[in-house]
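Results of the structural survey
As a plain string of letters, each chain reads:
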Amino acid sequence: MVEALILDSEAVNALAKPKTRGARAQRASAILRLSYQKRALVRVRAPVLAEVCRGVRYDSAVNHLLNNPGVRVVEFTRTTAQQAGHMLTRLKLLSAHAIDAFVVATPLQLDTAVIATADPKDIQRLAAPFSKIRIFVL
Amino acid sequence: MQHRGRQRKRNLATSAAKLSVSIPGELAEAVRKRVGARGLSGFVARAVAHELEREGVRALLDELEDELGQPSKADMARAREAWSKR
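Criteria and cut-off values
- Residues numbered from 1 in each chain as written.
- Chains lettered and ligands numbered in written order.
- Predicted model: local features only at pLDDT ≥ 70, side-chain atom pairs only at ≥ 80, totals over all residues.
- Core = buried A, V, L, I, M, F, W, Y, C linked by C-beta atoms within 7 Å.
- Buried ≥ 20, exposed ≤ 12 C-beta atoms within 10 Å, placed from the backbone.
- Helix = DSSP H or I, 4+ residues; strand = E, 2+ residues; numbered from the N terminus.
- Contact = placed C-beta atoms within 7 Å.
- Nonpolar A, V, L, I, M, F, W, Y, C, P; charged D, E, K, R; others polar.
- Pairing = 2+ DSSP bridges.
- Axes fitted to C-alpha atoms, helices over the stretch in contact; angles between N-to-C directions.

1. Some points on the nonpolar core
Residue and element names in this part refer to chain A. Residues Leu5, Val12, Ala28, Ile31, Val104, Ile115 and Ala116 are the most contacted members of the largest nonpolar core, which totals 46 residues. Counting residues per element, this core draws most heavily on helix α2 (residues 22–37), at six residues. With residues up to four places along the chain from it excluded, the contact list for Ala28 reads Ala11, Ala14, Leu15, Ala116 and Leu138.

2. Description of the interface of chain B and chain A
Taken together, the contact between chain B and chain A spans 23 residues of the former and 24 residues of the latter. Within the residue set of the side of chain B that touches chain A, elements represented by two or more residues are α3 (40–68) and α4 (73–84) of chain B. Here the residues of the side of chain B that touches chain A are counted per class, giving twelve nonpolar, two polar and nine charged.

3. Points about the sheet that holds strand β5 (residues 133–137) of chain A
Picture the strands of a sheet paired through backbone hydrogen bonds; they go either parallel or antiparallel. Spatially, five strands are ordered β3-β2-β1-β4-β5 (chain A) in an open sheet, and the strand pairing comes out parallel. Lying at the two open borders of the sheet, with one neighbouring strand each, are β3 (72–74) and β5 of chain A. Taken pair by pair, the neighbouring strands of this sheet meet at an average axis angle of 35°, ignoring direction. Bridge count for strand β2 (residues 41–45) of chain A against β3 of chain A is three bridges, and the pairing is parallel. Paired with Arg43 of chain A across the two strands is Arg72 of chain A, which belongs to β3 of chain A. Packed onto the sheet, α4 of chain B meets β4 (112–117) and β5 of chain A and runs at close to 160° relative to β5 of chain A.

Written out as structure tokens, the structure is:
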């Protein structure tokens, strides 16, 4: 069984810059530790990087995290983009929510996945039809 | 020239390398039974990749522990609850 921890933008920031993220970093550290105990994969969907990368001068902490061999960036495919589009249409959400939909579409190829997010409202709506997806609020 | 150098690096990353490893006989038998002789390379490659990923996560957890200390029992309990929900 393939399990994964999926990091949204704030989860990436919390793990990359723990000293600036307070309680969120503590919670991100807890879910990461549990994922390690469960031998789960740790994944970031590529479009999330658009929310966390802010220029060469500011990206060193995020790059340090993403250069860790245990945190893999999942490339963006046509299939995933189309799945995300279908989810947005079903919930009548605007494309401003596209990155949330990309994050939720990531685990659909896995057996189970936990999405770590600080902004669960839309992700919970998008993930509601999929029993294999759980949400961890940072 | 720089382009050729990048290309060579990419080829090294994607080309197959032949390794000779020794593992306990029982383990060899179990893996052959599971994947057959033809599926062995793919199985070993996946296992090695997974172990390298785990070492990376272990290193990240050590870094986080240095900065934040160990996660609290309450945060670990919340994490377990979220993982097992549904």
